[in-house]
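Tertiary structure, described
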Amino acid sequence: NFQKIDYSFKMIDPMANLDAGVPGSSQGGEEKDIIDFMSLRYNLEKIDRMKSVMSIASGCVAGICGLTGLQGLVCFVALHFLVLVVVWTMKMKCSLHGYTRQSWWSYSTTNLQQSGLSFTLFWTLFYGLVYLY
């Protein structure tokens, strides 16, 4: 399970805004989020682990199904985004910023090369085991 990161507390840095006495400035500093870095790191590790397992499993599926060329690439991309959406809806309850500090682009492309290499390794392994031997 993911750990919800609490962003409800705000920390005000009084030294960040030295022109606090200037008319028009409502506060004497800028607000910053206080986050739990242990929960953030834990959540990112869980997401990376799920992406790795997903890429290995989808590589096995693509190899056993006999997909070659662009069919295998489409299988990887489709299953990759399917798993990302399922994790976002089921585990994160449609609140990406509540569990990570990532944007959607970063969430979907982080470790994409590592996932692609794992997919390719198991894709070729299972294709070779089923159809060549």
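Residues numbered from 1 in each chain as written. Predicted model: local features only at pLDDT ≥ 70, side-chain atom pairs only at ≥ 80, totals over all residues. Heavy atoms only, no water.

On to helix H1 (residues 37-65), then. In this model, H1 (29 residues) spans 42 Å end to end at C-alpha, consistent with the 42 Å of a helix rising 1.5 Å per residue. Buried residues belonging to H1 abut helix H2 (70-91), helix H3 (96-99), helix H4 (104-109) and helix H5 (112-132). Note on H1: the residue one or two positions beyond its end, Gly66, has a positive phi of about 80°. (Helix = DSSP H or I, 4+ residues; strand = E, 2+ residues; numbered from the N terminus. Expected span 1.5 Å × (residues − 1). Contact = heavy atoms within 4.5 Å.)

Before going further, it helps to examine the packing of H1 against H2. Viewed as axis vectors pointing N to C, H1 and H2 meet at an angle of 140°, and their least axial separation amounts to 10 Å. Two packed elements cross with a definite hand, and for H1 against H2 that hand is right-handed. For the pair H1 and H2, contact is made by Met50, Lys51, Met54, Ser55, Ser58 and Ala62 and by Cys75, Phe76, Leu79, His80, Val83, Leu84 and Val87, respectively. Considered class by class, the residues forming the contact of H1 with H2 number nine nonpolar, three polar and one charged. (Axes fitted to C-alpha atoms, helices over the stretch in contact; angles between N-to-C directions. Left-handed = near helix turned anticlockwise from the far one by under 90°. Nonpolar A, V, L, I, M, F, W, Y, C, P; charged D, E, K, R; others polar.)

Once that is clear, we can look at H5. Along its 21 residues, H5 runs 28 Å from first to last C-alpha, staying within 8% of the 30 Å computed at 1.5 Å per residue. Where the residues of H5 are buried, they touch H1 and H2.

A word on the packing of aromatic side chains. Applying the stated criterion to the full structure yields five aromatic pairs. Centroid distance Trp104 to Tyr107: 5.5 Å. Interplanar angle 85°. Geometry classified as edge-to-face. Of this pair, Trp104 and Tyr107 both sit in helix H4, separated by three residues, roughly a single helical turn. We classify Trp104 as partly exposed; its relative accessible area is 42%. For Tyr107, a relative accessible area of 0% puts it in the buried group. Each ring, one from Tyr127 and one from Tyr131, has its centre 5.1 Å from the other, and the planes form 35°; the classification is tilted. A residue pair is termed a helical-turn pair when its members lie 3 or 4 positions apart in one helix, as Tyr127 and Tyr131 do in helix H5 at four residues. An aromatic cluster of at least three residues, connected via ring pairs, comprises Phe76, Phe119 and Trp123. (Phe/Tyr/Trp six-rings, centres within 6.5 Å; stacked < 30°, edge-to-face > 60°. Buried < 20%, exposed > 50% of the residue type's maximum accessible area, 1.4 Å probe, protein only.)

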